[in-house]
Amino acid sequence: MLFWSEFKKIVVGIPYLLFIAVMVIDLNSQDALNFSNDSVIVPNQSVTQNYGIKNEEIPELIMPAALTSLYTEFCENQYRTYPIGFIKYVKLDYDKQQKIADILSKITGVRADEIYAAQDSSNNSDENTFVLDENTTTQPNNNGNFTISIDNNTKENSIANELQLTVREDISYTAFKDLMQTVDNILGGGSNYAPQSLIGYGHVPITYEEAVKQYELVKTYDQFTGGYARLFSDYAGVMALSILPVFLAVIMSMKDRRAKISELIYIRKTSSTKIIFVRFLAVIAAVMLPVILLSYLSNSSMWHLYSGMKLDYLAPLKYDLIWLMPSAMMVIAIGMFLTELTNTPIAVAVCGLWWFIDVNLGIKSVFASYSLLRLAPRHNAGTKSYFRTQDFLDNFPRLIANRLLFVGLSITLVLVTIIIYEAKRKGKFTWKK
């Protein structure tokens, strides 16, 4: 009876309708509610078939690609970084540009002053300016305009005079990574030159055999539906379940105070443990109910794509409970704890800040996306993330450790909330007399 009473307090009201509306809008904006156009196709062995690209840490591929990227950004003096997830273009002053030139010199063996001079030449050039000399001819067109012709030998000589940088043969990959770390430090962090991000330059085509292995994992382990449920969980976790439930928890905790019936609740015979735990479970149930319904709406949109195949119809529910619910439990527990402790909605600001930092940590690697303290684990790195079953299996123990940690922390916060609530009932814990 108490559970249904608390549950109705949450679901009957405008805040709950707004919670559902915002969640639906967010998920729909990311196309996470309809996967009918995203089917996993059986690989066909063909010379012209493209099976996709993967990243591998191959020094022979990474070093020249990273060097080319760094030199290009050096010439433009515009470096792309992601310090907190959002893109930021960094423009360096003279001294720091000199440091980058020194690093390029150590990697290539070309003198730093030559590299810096090439950068000055690049910045001073104007692609839209034509210099007419004895090697340039003009011919009138029928429409009254002129065609400019440049002698091919002159063009080739101009290209040949441009500075071409290559990686020194005697530089080790370890030394190269150390130099790239220095570049990342100069840029303020979050660049693609950080050692853990260099693998992004190691593009390798996926072979037919690897594509077949990927498909078999999707078919046997995921039974097709698991991958789509995983992608839904990625979007729902980061866009909804890691922030929105705190509003319901705070409103629920403050509703009795606003209605001025807190004193009546305090003198009831119902134990503080029962009141707080039932309230906690009611908020979780209210939050997870639309999540489960939306996850099945999303997953069922692709069932027709695999007619006759063996599908795991429980996959959405399993991912909802194991992947998403611990995040919701955590923010709900924080909301109840801080609201009961301070009698203010400060929990919204605390969870909002945590959510902002967590979201903007970036997903430069799957490994980092499953880190122990990630409030919302990420798996959506690259196209067709539902197809990367092996990455998920490799990081599954990390995901379980992360989820168990947040379940434990949320229950601990609920227990502390019970202590605070009981103290208030006895008049021993209050901010004002």
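The present account deals with the structure reproduced in this document. (Residues numbered from 1 in each chain as written. Predicted model: local features only at pLDDT ≥ 70, side-chain atom pairs only at ≥ 80, totals over all residues. Heavy atoms only, no water.)

Quick look at helix α4 (residues 94-108)
So the rule is basically this: In this description a helix means any DSSP run of H or I spanning at least four residues, a strand means any run of E spanning at least two, and both kinds are numbered starting from the N terminus. Expected helix span is taken as 1.5 Å per residue step, with the number of steps being one fewer than the number of residues.
Taking 1.5 Å per residue as the helical rise, α4 with its 15 residues ought to reach 21 Å, and the 21 Å between its terminal C-alpha atoms agrees with that figure. Directly beyond the C-terminal end of α4, a positive phi value near 90° is found at Gly109.

Topic: the nonpolar core
Put simply, the rule is: Put simply, a nonpolar core is a bunch of buried Ala, Val, Leu, Ile, Met, Phe, Trp, Tyr and Cys residues held in one set by side-chain atoms that sit within 4.5 Å of each other. Burial classes: relative accessible area under 20% of the type maximum marks a residue as buried, over 50% as exposed, and values in between as partly exposed (1.4 Å probe, protein chains only). It only takes one pair of heavy atoms within 4.5 Å for two residues to be counted as in contact.
Core analysis: the biggest nonpolar cluster contains 70 residues, and Ile10, Met23, Leu27, Leu241, Phe280, Val287 and Ile332 have the highest contact counts within it. The dominant element in this core, judged by the number of residues it contributes, is helix α13 (residues 315-342), at 14 residues. Residues in contact with Leu241, not counting those within four places in the same chain, are Met23, Ala236, Val287, Met288, Val291, Leu324, Ser327, Ala328 and Val331. One finds Val90, Leu165, Val167 and Ile171 within the second-largest nonpolar core, a separate group that totals 34 residues.

Focus on the pattern of salt bridges
Keep this limit in mind: A side-chain nitrogen of Lys or Arg and a carboxyl oxygen of Asp or Glu constitute a salt bridge if their distance falls within 4 Å.
Counting across every chain of the model gives 14 salt bridges. Notably, a salt bridge pairs Glu57 with Lys177, separated by 4.0 Å at the nearest N-O pair. Of this pair, Glu57 sits in the loop between β1 (53-55) and α3 (59-76) while Lys177 sits in helix α7 (residues 173-187), placing them 120 residues apart in sequence. We classify Lys177 as partly exposed; its relative accessible area is 25%. For Asp113, the salt bridge identified is with Arg111, shortest N-O distance 3.1 Å. Bridged by salt links that share partners, the residues Glu6, Lys9 and Arg279 form one connected network.

Here's the deal with helix α16 (residues 389-425)
Just so we agree on the cut-off: To get the bend at a given residue, fit one axis to the seven residues ending there, fit another to the seven starting there, and take the angle between those axes.
With 37 residues, α16 should cover 54 Å at 1.5 Å per step; its first-to-last C-alpha distance of 51 Å lies within 8% of that length. Its maximal kink placed at Asn395, α16 deviates by approximately 55°, while the proline Pro397 follows within four residues. Downstream of α16 by one or two residues, Gly427 has phi in the positive range, about 75°.

As for a nonpolar patch on the surface
How we decide: Patch construction takes residues with relative accessible area above 30% that form no salt bridge. Like charges are linked within 9 Å, and nonpolar side chains (Val, Leu, Ile, Met, Phe, Trp, Tyr) are linked within 5 Å. Here the accessible surface of atoms and residues is derived via Shrake-Rupley with a 1.4 Å probe, and residues count as covered only by protein chains that are part of the display.
A contiguous nonpolar patch, built from Leu353, Phe356 and Ile357 and spanning about 280 Å² of accessible area, is present on the exposed surface. Considering the arrangement of structural elements, one finds Ile357 in helix α14 (residues 346-359). Judged by its relative accessible area of 46%, Ile357 falls in the partly exposed class.

Quick word on the environment of Ile171
Following the sequence through the fold, Ile171 ends up in the loop between α6 (152-160) and α7. For Ile171, a relative accessible area of 11% translates into the label buried. Between the C-alpha atom of Ile171 and that of Lys106, which follows or precedes it by 65 residues, the distance is 8.7 Å.

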